[in-house]
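# Analysis of the macromolecular model
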Amino acid sequence: MEKYLHVPGVAGSKRFPLNQPVAVIGRDSANFICFSDIRVSRRHCRLQTEESGRVFLTDLNSANGTFVNGVSITRCELKPGDRILIGDTELIFQSQPTTNGAEALPSNDASKNIGSPQDSHNGGSRHEDTLNRLSDSSAFTKPSHLSDDSKYYARFTDSEANRRIIQVGNDLRFLYHTSLATSRNSNSDRMLDEVLELIFEWIAADRGCVFLLKQANDEGNESELEKKSYRCRANLGEHDFRVSKSIVNYVRKKRIGILSSRAAEDRRWGAQPSILRLNTGEVMCVPIQGREQLLGLIYLDTLVCPGDSEPPRFSEDSLKLLIAMAHQTAVALENESYYAALLEKERLAAIGETTGAIAHHVKNVLQSINGGSHLVDAGLASNDVSTIEKGWQIVARNQQQISQLVADMLLLGGTFEPNLETANLNSVVQAAIKKNRPLIGLPKHEISFKSKAERPSFRFDTLAIESAVGHVIQLCQRASRQSKVSKILVRISDSEENVTIRISDQGMPINIGNSNAILIPLGLDESERVYGIGLAVARKIVNAHGGSIQLTHKKPTGNCFAIELPRS
């Protein structure tokens, strides 16, 4: 029975008969099936057909792994219908011919160089499917509205057209993955590393580096270039990497991309002994140009010059690709800068709001202390012990609130390291409930506790977790002040990895908005709004334990906080 691999979505359906004992799949053009997907290694995996007819698939230590039916494999026997995922490409192993009339491709056909078909896990990618259709020459038919001498249309001979079709398809796929790399990374360092990795997948450079300009200092000196990402094919360490300042300064001054097949002999920057000492052969360097200013440079070179019989590794097409990548990198860097500026603006606004709210809270506490002190004075004047006791209770309670507020502000403004010790979480939560029960002050409010934790004892900071639970309980109490009937329920459950504390109320919904907000507004109108920093304190304590706090709303009213703490 004939066995073959079925590849859907590449200029129609293709199948590859397994008519040889060993077949290698990868990005190398000498392979049985060649993929231009950058997530596929040069020699990715091997198919081996035994005399008995059994077919085994072996991963050849590929960078991104080989998957069969969604499971990563090292070596496994294939069964009819098994789905093989290599990079972004899916192949289906079959043991009988298909009936759709798809013709088998000979292994030496140029169109075996296929790209990434649509991903079966996400329902298919229209972008990748468009790129894969570039293997069909009909995709390059001249549009009717273009004239023959248009700069957007070029004529090729048949053999040259085949080569250009594959090249253009690969270049578009390269730009597609570049756009993904520059858009999905919020961290510029990770983004630049991935950009340089993509460049090395497509361009045969020996060394490469991405430089970014440092911020100009107050003295008005010219900004310096800082090496942010580096890669080298040869056996050289990062400390051995040197770049000619003449080349870099030329690109920085002219702000144009340069290509040189013999850098040491190039007259644009003159004969520089340093280029010879650095053993620089071919060079490409392009500016990372923002909307208004230069952001940095991308530099590539080789350690040898092309010989008489050896073509250059860098070409004009390579330079155009590198310039396009530099433009996308510039957009990503500027977007990150604008986003950071927006966050800083929001942070400063939050600081102002926090200062005002805390000042308002302190003013109320001080007024209460002042009222309590007047009662103490009146009791002392009339020698009334009961009046003195009432006044002192007010003073002591508000003094405790001031002390707690100062401790919370110190915790928010500094670093916090949990003092871990083995303790019973049930006892700690019950202590937090006992401390916060008097704050309600009304008989219609009650707090009930229930624990289903089978293993409540583990390592955590007892005082800090007690404070965090107390802050969340106080937040639920404030949300329930306007409720006619309110009950706060505290429950504990656990699993093998985590212990969860759920605190729920029947009060008005708490709208956190920004999950990192310091102030939590409560109340329906501005006059009734109460601000607290308790949730920010609790979040910092829980995060320091490696846990999290989540808020969900119950219907018709009520909130539920889930504090999840890891056992380790």
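Residues numbered from 1 in each chain as written. Predicted model: local features only at pLDDT ≥ 70, side-chain atom pairs only at ≥ 80, totals over all residues. Heavy atoms only, no water.

### A look at the pattern of salt bridges
For the record, the criterion: By convention in these notes, a salt bridge is any Lys or Arg side-chain nitrogen within 4 Å of a carboxyl oxygen on Asp or Glu. Each helix is a run of H or I in the DSSP string that is no shorter than four residues. Each strand is a run of E no shorter than two, and both are numbered from the N terminus.
Counting across every chain of the model gives 11 salt bridges. A salt bridge links Glu334 to Arg291; its shortest N-O distance comes to 2.7 Å. Linking Glu334 in helix H6 (residues 316-382) with Arg291 in the loop between strand E16 (283-289) and strand E17 (294-301), this pair joins segments that are 43 residues apart in sequence. Between Arg567 and Asp494 there is a salt bridge whose closest N-O contact spans 2.8 Å. Placement of the pair is Arg567 in the segment after strand E26 (559-566) and Asp494 in strand E21 (residues 486-494), with a sequence separation of 73 residues.

### Overview of the packing of helix H9 (residues 462-479) against helix H10 (residues 534-544)
Selection criterion: Angles here are taken between N-to-C directions and fall from 0 to 180 degrees, while the axes themselves are lines fitted to C-alpha atoms, restricted in helices to the stretch in contact. Working rule for handedness: look at the near helix, and if it is turned counterclockwise from the far one by less than a right angle, call the crossing left-handed; if clockwise, right-handed. Residues are treated as being in contact if the distance between any of their heavy atoms lies within 4.5 Å. When residues are grouped by polarity, Ala, Val, Leu, Ile, Met, Phe, Trp, Tyr, Cys and Pro land in nonpolar, Asp, Glu, Lys and Arg in charged, and all others, Gly among them, in polar.
Here H9 crosses H10 at 150 degrees, and the two axes come no closer than 8 Å. For H9 against H10, the interelement crossing comes out left-handed. Only Gly534, Leu535, Val537, Ala538, Ile541 and Val542 of H10 make contact with H9, whose side of the interface consists of Ala464, Ile465, Ser467, Ala468, His471, Val472 and Leu475. Class assignment of the residues belonging to the contact of H9 with H10 gives a composition of 10 nonpolar, three polar and no charged.

### Brief notes about unusual backbone geometry
Basically, it comes down to this: For each residue, the accessible area found with a 1.4 Å probe, counting protein chains only, is set against the maximum for its type, and the residue is called buried under 20%, exposed over 50%, and partly exposed in between.
Phi angles above zero are rare outside glycine, and Asn61 is one such case at about 55 degrees. Structurally, the position occupied by Asn61 is in the loop between strand E6 (55-59) and strand E7 (66-68). The phi dihedral of Arg255 falls on the positive side, at around 55 degrees, and the residue is not glycine. Mapped onto the secondary structure, Arg255 falls in the loop between helix H4 (245-254) and strand E15 (258-260). Using a relative accessible area of 42% as the deciding quantity, one classes Arg255 as partly exposed.

### Observations concerning the sheet that holds strand E13 (residues 207-213)
Backbone-to-backbone hydrogen bonds join strands into a sheet, with any given pair of strands oriented parallel or antiparallel. Note the threshold: Here a strand pair is declared whenever DSSP counts at least two bridges between the two strands.
Spatial strand order, E14-E13-E17-E16-E15: five strands in an open sheet with antiparallel pairing. For this open sheet the edge positions go to strand E14 (225-232) and E15, each flanked by a neighbour on one side alone. Taken pair by pair, the neighbouring strands of this sheet meet at an average axis angle of 15 degrees, ignoring direction. With six bridges joining them, E13 and E17 adopt antiparallel strand pairing. Considered in E17, the bridge of Phe211 is made with Leu297. Against the sheet, helix H3 (residues 188-202) makes contact with E13, E14 and E17, and its axis sits at roughly 45 degrees relative to E14, the strand it touches most.

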